[in-house]
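# Descriptive analysis of the structure
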Amino acid sequence: MAEVESEAVDTNPRASLRHPDSRAGWGVRGVWGLWGVLVVGVLGAVWSSERPPEPLGSEVPAEAFSEARAWPVLRHLVDEVGPRVAGTPGQARAAEYLVEQLRGIPGVEVELQRAAGVWVDGHEALDYRTENVLARLPGTRDGVVLVAAHYDSAEAEPGAGDNALAVAAAVEVMRALAAGPRPERTVVLGLNGAEEAGLVGAAGLLGHPWLGGVEAFINLDAAGSRGRSLLFQSTPSAPWLLAAYARSVPHPYALVVGQELFQSGLIPSDTDYRVFTSEAHWPGMDLALYQDGYAYHTPLDGLARVEPGSLRQLGENVLALVRELARGPRPEDAGEAVSTYYDVLGVGMVAYGRSTAWGLVVLGGVFSLGALGVAWRRSGVAPASVARALGGLLVWGLFGVLVPVGAALLLGFVLGRPHGWYAAPWLAGAAFGALTLAGVLWGSAVVPGERTVLARGAAALVLAWAVGAALTAVGLGVAYLFPWWTLPGAVLLGVACLRERLAGPVLLLASVPGWVLTVELMWRLLAMFIPVTGRLAVGLPLDAVVALLVALAVVPGALGLGVALGGGGRLGRTAGAVALLGLVGCGALAAVRPSDEEQPRRLVLTHMEEQGAPARLEVVTEDGLPLGGLLEGRSAAARGTGEAWLAAEPSGLGPLPIAVKQEGASEAGRAVTLSWWGEPGTQLVMRLPRDAVAGWSLPAQLPEGPELVLRVVVPPAGEWSVRLVFRGEAPVQVNLKEWRQGYATRDIEALRRGLPDWVVVEPEACRAVSLAL
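Reference entry: report on the structure contained in this document.

Reading the values: rules and limits
For every chain, the first residue of the written sequence is number 1, and numbering continues from 1 along that sequence. Two thresholds apply to this predicted model, a pLDDT of at least 70 for residue-level local features and 80 or more for giving and counting side-chain atom pairs, whereas whole-chain, interface and lining totals are computed over all residues. Computation of side-chain values: all heavy atoms of the structure, hydrogens and water removed. Put simply, the grid is 1 Å and covers the protein atoms alone, a cavity is a trapped set of points that fit a 1.4 Å probe, a pocket is an open set with protein on both sides within 12 Å along at least five of seven lines, and lining residues have an atom within 4 Å of a point. Grid points are joined across faces, edges and corners, and a volume is the space filled by probe spheres set on the points. Counting from the N terminus, the helices are the DSSP runs of H or I reaching at least four residues and the strands are the DSSP runs of E reaching at least two. The rule is simple: take the accessible area with a 1.4 Å probe, protein chains only, and divide by the maximum for that residue type; under 20% is buried, over 50% is exposed, in between is partly exposed. Throughout, a contact is declared for two residues whenever any of their heavy atoms are within 4.5 Å. Multiplying one less than the number of residues by 1.5 Å gives the expected span of a helix. Any residue that is not Ala, Val, Leu, Ile, Met, Phe, Trp, Tyr, Cys, Pro, Asp, Glu, Lys or Arg is counted as polar, Gly included; the first ten are nonpolar and the last four charged. We define a nonpolar core as any set of buried Ala, Val, Leu, Ile, Met, Phe, Trp, Tyr and Cys residues linked to one another through side-chain atoms lying within 4.5 Å.

### Topic: the layout of surface pockets
- In this structure, the second largest pocket encloses a volume near 1000 Å³.
- As for the second largest pocket, its lining consists of 32 residues, of which Pro 425, Trp 426, Gly 429, Trp 523 and Leu 526 are closest to the centre.
- At the level of elements, helix H2 (28-50), helix H13 (425-446), helix H17 (512-532) and helix H18 (543-565) are the ones that each hand at least two residues to the lining of the second largest pocket.
- Take the lining of the second largest pocket: its biggest share by element is 8 residues, from H17.

Given below as structure tokens:
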């Protein structure tokens, strides 16, 4: 089939029939073969870059990081100590062990800090106590570099990934630092014991005298236990931090999109980074493991889930970064804030600000205009041809997104079989990826656009530049991808004009740099997002979101194939065959159970006892989806999507241990003292109208807002009390709830025994009372 119809309407006098579709010079099979090789190469390169390095043994030099030397610390915290909930004996044993290990390092000073206070976080106040372990390696000049990590864990979990791995890495980093030359700046290791209680362990660290001159901090945390630790937050106003990271770390792994997602609130987690930056205003970085988040905050977070090499990647990066930050004069803070940072396949690091981002947009525009000029003057590719091709590419891409997203909506909302990808992410990639390719091929068959390969290549270049410029204009970090499309694309479009019979394969090769970075980004987003859906509680199937992320990874490469192949009925038949494979994958997604023992479904079981009401068992799915048949055969009252109540017997805990003492009125107001006797591991939450309170006895200002919320997160041994001063004589309604996370009553145990092995339970007991004070 001759595909030169568009040449007849070109107005450029240089137009001719010299530039046939690439299939004339390369062949359909050749184009498909090259594209297949590129697909395998791109996926292989990304997969390899996501894996941590091989762990090293204890034979490495003393001043180097050794996973083998760090592993015993990780094993002891997980297997010997176990859960390390703030304020419990497990946390105290962990602190004692860490003090012992650090005191065994020559030249390192160690201190166990017992801190207490009130941290006001927005409209909420947190009354806390914490045991923090600090170690100091004195430097030769002023200034402190802080390495921070929390060693406590959530209830009923061994906490291997979150956060014993980071603690073990930090201890080994201090040992390696002490074995080498003395640093110029003092290095302080701050291991806090109450992060899971509301970031209050970090709040306790702020007042320690060793941290009076912190110039930079590195916070280590986790939401998973596999892969590489990601640099996902860094102080934008301190670009020298990212420069130090780029210069020093042997295994760079960073992503500005992670920072944007985290700070947007879409990730239901928080870290001590916020305390250090918002309260102390220290510049710093946040590093975290995130892969295999299925085990996060569950009993499955044990040593068996830790991937060999993850400890080495984190430890070697932190050791190199600390040495870099601890030497030489600190750069001035003046300079452009960093808006973009990322790594390239774990090999190199890129970081720059808004002016550089716009510079890349301008440079890409200049290169693109030059390439378009060459295509017009040498090969007769007129603007009208490019415009027709651009319209075609937009339709192709739209088909490529709508087909997999439509199939996903069918799975989730019509067939009622959502989230099969939760336990089988690879199956979602295959099914939705095949449907994306089929959609692009269908689009190219229905709307061929411009039949000339060079015109299609020029249109793809214009599209990439326009999208990159738009994303840069709105300030989204994902714009970093598009220079990798436009700059190589512009150069190779010019080359293709010189070798027109090889234009298709040349333009396919031009797509490789951008496609690699795009697949790398979507791979990470899927690895982060899919486990998070198990605790996101949006109440709707999220199949369409997963399909969209897969489509965004596949569409650019599929468009590159379309540029080389063009359109026509034959591609429509090929699209049907590819779509059939995708539909078979969707059928498998519909048939597979969304959860298994390794990727379990999460249930929160709360034994609730409110004053004046019968006891009940509240069942809530953390993914927000319907309970299905999990409560089959039980008399459950539905309370909404993914929620139900069951009748329960009294827990046996008795009434909430609260005492109230009225102290009478004065000029300041009416004073009331409220006392509580809390067991280790419990929390008390008090809520009352803010405008009714004139003052209190706690060492902090009253939070602002319509409601005053006070949380006692780590109760003292014995009595805790607060003196409240109320305005006026009218009674004030005070609501009190005592939470015991990890506490399983008889009713919870009975229900848990009847649940399948692919369900993990988070038990808790709550006693509530409402008082008119």
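### Thoughts on the environment of Leu 559
- Structurally, the position occupied by Leu 559 is in helix H18.
- The exposure class assigned to Leu 559 is buried, which follows from its relative accessible area of 13%.
- Taking the C-alpha atoms as reference points, Leu 559 and Gly 397, separated by 162 residues in sequence, lie 7.0 Å from one another.
- Apart from the residues lying within four places of it in its own chain, the contact partners of Leu 559 are Leu 393, Trp 396, Gly 397 and Val 440.

### Digging into helix H15 (residues 483-498)
- Taking 1.5 Å of rise per residue, 16 residues should cover 22 Å, and H15 covers 23 Å from first to last C-alpha, within 8% of that figure.
- Turning to H15, its buried residues number three or more, namely Pro 483, Trp 485, Thr 486, Gly 489, Ala 490, Leu 493, Gly 494, Ala 496 and Cys 497.

### Quick look at empty space enclosed by the protein
- Counted under the stated rule, the structure contains 1 cavity of 30 Å³ or more.
- Looking at the largest cavity, its volume works out to about 180 Å³.
- Mapped by element, the contributors of at least two residues to the lining of the largest cavity are strand E8 (338-344), helix H11 (354-379), helix H14 (453-474) and H15.
- Of the residues contributing to the lining of the largest cavity, the split by class is 12 nonpolar, 7 polar and 1 charged.

### Observations concerning helix H12 (residues 383-414)
- Here H12 spans 44 Å end to end across 32 residues, near enough to the 46 Å set by a 1.5 Å rise per residue.
- Count one or two residues on from H12 and you reach Gly 416, which has phi positive near 65°.

### A word on the nonpolar core
- Counting 168 residues, the largest nonpolar core has Leu 98, Leu 191, Leu 220, Phe 432 and Tyr 480 as the members making the most contacts within it.
- Per element, the largest residue contribution to this core is 14 residues, and it comes from H18.
- Dropping the residues within four chain positions of it, Leu 220 is found in contact with Val 147, Ala 148, Ala 149, His 150, Asn 163, Ala 166, Ala 170, Leu 287, Leu 314 and Val 318.
- Listed in part, the 27 residues of the second largest apolar core include Leu 688, Leu 698, Val 722 and Val 734.

### Considering the environment of Pro 181
- When you line up the elements, Pro 181 lands in the loop between helix H5 (160-179) and strand E4 (186-192).
- Using a relative accessible area of 73% as the deciding quantity, one classes Pro 181 as exposed.
- Along the primary structure Pro 181 and Ala 135 are separated by 46 residues, whereas in three dimensions their C-alpha atoms are 17 Å apart.

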